[in-house]
Amino acid sequence: MSTQIAALETKVQKLTEQLNYVRGRSMELDSQSSKISELERTRKIEADNYNYFLTVQLKNDIDQNYGSKSSNINVIQSPSAPSMDGRKLKKAEYFLAVAGVLFGLGLAFLIEMYIDRTVKRPVDIEAKLGVPLFLSIPYQNGKRSQNLLAAPPSTPLTLRWEGANRSFTLNGSKTTIGASADSTVVVADESVSEHHCEIFRRDGEVMLKDLGSASGTYVDGQRVMEAALKPHQTLRVGNVEFSIEKNETKAVEVAKKSAAAMPPWDPRHALRPFYETLRDRLITYFEVKNLTHNPKLVALTSCGDNAGVTSTAAGLAAALSETGEGNVLLVDMNVERGAAHHFYKGHLSCGIDEALKKDKRDEAKVQKNLYVVTESGSNSDEDSLPRVLPKRFTSLVPKLKASDYDYIIFDMPPMSQISITPRLARFMDMVMVVVESEKTDREVVQRAVNMLTEARANVGVVLNKRKKYVPKQLLQEL
């Protein structure tokens with residue numbers, strides 16, 4: 001029995017080997033089938049060509065033998081136009097496309113890691129600079145409102161002519177001075193031209209303009225073609241002198257009307273929610289630090305121009321003025337810009353000394369509980385102001401801390417080694433550095449923070465004008 005089994009197994013093995021051999025031959029034939037088909041088509045084409053040429057040769061022989069030509073030859077198929085094989089070109093295109101993508105990714109990585117060292121995202125602030133981030137403000141692309149606040153009430157002025165014992169109220173309409181009878185102020189003097197000068201109001205200021213007079217127009221002894229008039233100035237038209245005085249009665253009426261009709265800061269401003277959020281986070285920070293004294297001094301600065309410090313300071317001050325009944329004072333410290341403050345139409349004529357006196361600060365009021373002033377250094381000129389400000393602040397801080405303001409916001413000049421900002425930082429409860437996204441170098445921000453920290457100031461950062469290039473689904477940030 002075992003012998004039969006062994007014989008069968010041997011037979012099965014042989015049959016299996018034969019089957020494998022047959023399968024191998026079959027696969028070989030299958031692999032050669034395409035070649036066989038191609039050879040078959042070639043053979044058929046060559047056979048057809050052979051038959052065609054044989055037929056032609058036969059017809060030519062008949063024509064030559066019998067002296068006639070066959071007329072039944074027709075065109076079977078027109079030749080195809082020549083074309084270039086595009087397979088190699090497509091491979092080259094694919095290679096160039098892949099190489100372009102890889103080059104772009106490599107270039108972007110190189111720029112991100114080594115070439116472009118600017119601050120771009122909120123994560124750059126805390127992770128790479130180690131500074132608390134208070135707020136990230138997106139880039140609005142021109143969607144902001146023009147003004148954050150309304151202009152403060154302007155100072156009513158009176159033109160006093162002592163020689164004629166007459167006074168003229170400068171109420172905003174055009175006031176003309178000249179020898180002509182159609183002038184508002186008629187001056188019968190040989191030194192006065194027919195239409196000598198005019199006084200009008202522009203952007204909240206009382207402006208004087210010379211109308212091409214022969215003898216000239218002078219303000220405080222200096223000849224001018226156009227100038228802004230202020231109280232206690234002397235105006236000379238030819239040989240006739242006038243004095244500019246403040247209309248006290250009118251000033252009280254204007255202040256009362258302005259206080260009653262003072263509108264809130266623009267509710268349509270695109271960045272208002274961000275300024276309110278900055279206000280809430282600042283208040284929370286003071287609560288955590290247990291800073292309960294009033295007023296709290298907050299300074300905003302930057303590492304360069306056009307970072308948005310003034311707009312942020314104005315928005316923060318306006319938002320703080322809406323919490324409770326406490327007053328908020330916004331101080332413009334940019335002395336090189338003069339008394340102009342570009343976040344609203346108007347001119348700052350009130351200084352910080354006047355703002356500390358309750359009976360003189362109405363001119364600085366721009367809305368309920370909010371006052372805006374400039375620190376121009378009443379006892380010094382602009383050139384010496386950066387030098388005297390730290391000393392002045394030493395004596396001014398006790399007055400600030402004794403005032404009835406809840407918050408005093410300082411719009412400071414940009415940080416530098418010679419600016420007054422690091423020297424005044426030690427007086428502040430908080431110094432916020434406004435960093436413009438994609439414009440400010442990380443190392444510059446780090447040096448600015450180090451300078452403020454050396455002055456023992458509490459430092460925070462506001463990332464401004466942040467742009468997003470990646471969809472939220474791919475990159476999510478708070």
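Above this text you will find the structure in question.
Residues numbered from 1 in each chain as written. Predicted model: local features only at pLDDT ≥ 70, side-chain atom pairs only at ≥ 80, totals over all residues. Heavy atoms only, no water.

## Some remarks on the sheet that holds strand β2 (residues 157–161)
Here is the rule: In this scheme, strands are said to pair when DSSP sees at least two bridges between them. Runs of H or I in DSSP of at least four residues are treated as helices and runs of E of at least two as strands, each being numbered from the N terminus.
On the basis of which strands lie adjacent, the open sheet formed by 6 strands has the order β3-β2-β12-β11-β8-β9 and antiparallel pairing. The open sheet has two edge strands with one neighbour each: β3 (166–170) and β9 (222–223). Direction of pairing for strand β11 (residues 234–237) relative to strand β12 (residues 240–246): antiparallel, over a ladder of 4 bridges. Directly across from Val237, in β12, lies its bridge partner Val240.

## Observations regarding helix α10 (residues 442–454)
The condition is simple: Expected span, for any helix, means 1.5 Å times one less than how many residues it has. In what follows, residue pairs with any heavy atoms lying within 4.5 Å of each other are defined as contacts. A 3.5 Å cut-off defines polar contacts: any pair of N or O atoms within that distance qualifies, except that in protein one atom must be a possible hydrogen donor and the other a possible acceptor, and neighbouring residues in sequence count only when both atoms are side-chain atoms.
Its 13 residues give α10 an end-to-end C-alpha distance of 18 Å, which sits within 8% of 18 Å, the value for a rise of 1.5 Å per residue. Buried residues along α10 sit in contact with α3 (122–129), α9 (421–424), β18 (430–436) and β19 (459–466). Measuring from the backbone nitrogen of Glu443 back to the side-chain oxygen at the start of α10 gives 2.8 Å, which picks out Asp441 as the cap.

## Topic: the pairing of β2
Defined as follows: Type-normalised accessible area, obtained with a 1.4 Å probe on protein chains alone, sets the label of each residue: buried when under 20%, exposed when over 50%, and partly exposed for intermediate values.
Among the 5 residues of β2, 5 are classified as buried, and the element is accordingly described as predominantly covered. Along β2, one buried face is formed by Leu157, Leu159 and Trp161 and the opposite face, lined by Thr158 and Arg160, is buried too. Here 5 bridges tie β2 to β3, and the two strands are oriented antiparallel to one another. Directly across from Leu157, in β3, lies its bridge partner Leu170. Where β2 meets β12, 4 bridges bridge the pair, whose relative direction is antiparallel. Across the sheet, the residue bridging to Leu157 is Lys246, located in β12.

## Side note on unusual backbone geometry
Following Asn294, the chain continues into Pro295 via a peptide bond in cis, with omega recorded as -5°. As for its placement among the helices and strands, Pro295 is situated in the loop between α5 (272–288) and β13 (296–302). Non-glycine residue Asn369 carries a positive phi angle of around 70°. Its place among the elements puts Asn369 in the loop between β15 (365–367) and β16 (370–374). For Lys465, which is not glycine, the phi dihedral falls at a positive 60°. Positionally, Lys465 belongs in strand β19. Judged by its relative accessible area of 17%, Lys465 falls in the buried class.

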